[in-house]
Amino acid sequence: MLITKRSDYALRICRALKDGKTHNVREICEKEDVPKAFAYKIIREMELSGIVKSERGNKGGYFLDKSLDELTVYDIVSITEEDIAIVHCMKEECERNTNDVPCKMHGEMERIQGILEQEMKDKTIAEIIGQ
């Protein structure tokens, strides 16, 4: 699994919103060094997923709709990454991994990916930002 800057930025956005207050995109970007072009897209994805909500108006902006104690790293990464796979052949049917002759490398990568996914599911955002 390649965790891209999109996931890193999404985690930073969570950190910027940790105080429970409403923040505009400019504030979030300045506080967490997130480019505005990325921030708008990522926050929109987070909003569609129910993680953040928006408030319109002069004092509007974004705030977390879920507690950082219940949000996991996996929740954030699965929103920002198209496909969670550590190697390409796990995304599609692997020609070398058949029922007749299972690919040992594929099997091991699948095992490692399972461990990684479980670790991300077990780690809350509150834990990683020290809240």
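Please read these numbers as outputs of a predicted model, since none were measured by experiment.

J.: What's the story with the packing of helix α2 (residues 25–32) against helix α3 (residues 36–48) in this structure? I'm lost.
T.: Between two packed helices, the angle of one axis relative to the other and the distance separating the axes together describe the packing. Two elements in contact, α2 and α3, have axes whose closest approach is 10 Å; the angle formed by their N-to-C orientations is 120 degrees. Crossing angle aside, the handedness with which α2 passes α3 is right-handed. From α2, V25, R26, I28 and C29 reach across to α3, where they touch K36, A39, Y40 and I43. Considered class by class, the residues forming the contact of α2 with α3 number six nonpolar, no polar and two charged.

J.: How should the state of the cysteines be read in this particular structure?
T.: One pass over the structure, following the stated rule, counts zero disulfides. The closest cysteine sulfur to the non-disulfide-bonded C29 is located on C14, 14 Å from its own sulfur.

J.: Can you walk me through the environment of E127 in this structure?
T.: Relative to the elements of secondary structure, E127 occurs in helix α6 (residues 125–129). Sequence spacing of E127 and T72 is 55 residues, and the spatial spacing of their C-alpha atoms is 9.1 Å. Of note is the side chain of E127, whose polar atom sits 2.8 Å from the backbone nitrogen of T124.

J.: What's the story with the pattern of salt bridges in this structure? I'm lost.
T.: Opposite charge on two side chains permits pairing when their charged atoms draw close. Counting across every chain of the model gives six salt bridges. A salt bridge links R6 to E45; the shortest N-O distance between them is 2.5 Å. Of this pair, R6 sits in helix α1 (residues 5–16) while E45 sits in helix α3, placing them 39 residues apart in sequence. Its salt-bridge partner being E32, residue R15 comes within 2.5 Å of it at the nearest N-O pair. One end of the pair, R15, is in helix α1; the other, E32, is in helix α2, with 17 residues separating them in the sequence.

J.: What am I meant to see in the packing of aromatic side chains here?
T.: The description of an aromatic ring pair rests on the distance of the ring centres and on the angle between the ring planes. All chains considered together, the criterion is met by one aromatic pair. The lysine or arginine in question, K121, covers the ring of Y74, its NZ or CZ lying 4.7 Å from the ring centre.

J.: Got a minute to help me understand the side chain of H23 in this structure?
T.: Its place among the elements puts H23 in the loop between α1 and α2. Relative accessible area serves as the criterion here: at 13%, H23 is assigned to the buried category. Polar side-chain contacts of H23 include one of 3.3 Å to the side chain of E27. Dropping the residues within four chain positions of it, H23 is found in contact with A16, L17, I28, G61 and Y62.

J.: Quick question: what am I supposed to make of the pairing of strand β2 (residues 61–64) here?
T.: When a strand is regular, its side chains alternate between the sheet's two faces. Because side chains alternate across β2, one face comprises the buried residues G61 and F63, and the other comprises Y62 and L64, equally buried. Judged from the four bridges that link them, strand β1 (residues 52–55) and β2 form a sheet pairing that is antiparallel. When the sheet's bridge partners are listed, K53 is paired in β2 with F63. Taken together, β1 and the strand that follows it, β2, pair antiparallel across an intervening segment of five residues, in which G57 is found at a positive phi of about 110 degrees.

J.: What is the right way to read a negative patch on the surface from this model?
T.: On the surface, a cluster of negative charge is contributed by D65, D69, E70, E119, D122 and E127. Relative to the elements of secondary structure, E119 occurs in helix α5 (residues 104–122).

Parameters at a glance
Residues numbered from 1 in each chain as written. Predicted model: local features only at pLDDT ≥ 70, side-chain atom pairs only at ≥ 80, totals over all residues. Heavy atoms only, no water. Axes fitted to C-alpha atoms, helices over the stretch in contact; angles between N-to-C directions. Helix = DSSP H or I, 4+ residues; strand = E, 2+ residues; numbered from the N terminus. Left-handed = near helix turned anticlockwise from the far one by under 90°. Contact = heavy atoms within 4.5 Å. Nonpolar A, V, L, I, M, F, W, Y, C, P; charged D, E, K, R; others polar. Disulfide = S-S within 2.5 Å. Polar contact = N/O pair within 3.5 Å; in protein donor to acceptor, adjacent residues only side chain to side chain. Salt bridge = Lys/Arg side-chain N within 4 Å of Asp/Glu carboxyl O. Phe/Tyr/Trp six-rings, centres within 6.5 Å; stacked < 30°, edge-to-face > 60°. Lys NZ or Arg CZ within 6 Å of the ring centre and 35° of its normal. Buried < 20%, exposed > 50% of the residue type's maximum accessible area, 1.4 Å probe, protein only. Pairing = 2+ DSSP bridges. Patch = residues over 30% accessible without salt bridge, like charges linked within 9 Å, V, L, I, M, F, W, Y side chains within 5 Å. Areas by Shrake-Rupley, 256 points an atom, 1.4 Å probe, with all protein chains shown as cover. Lys, Arg positive; Asp, Glu negative; His and termini not counted. Charge placed at Lys NZ, Arg CZ, Asp CG, Glu CD.

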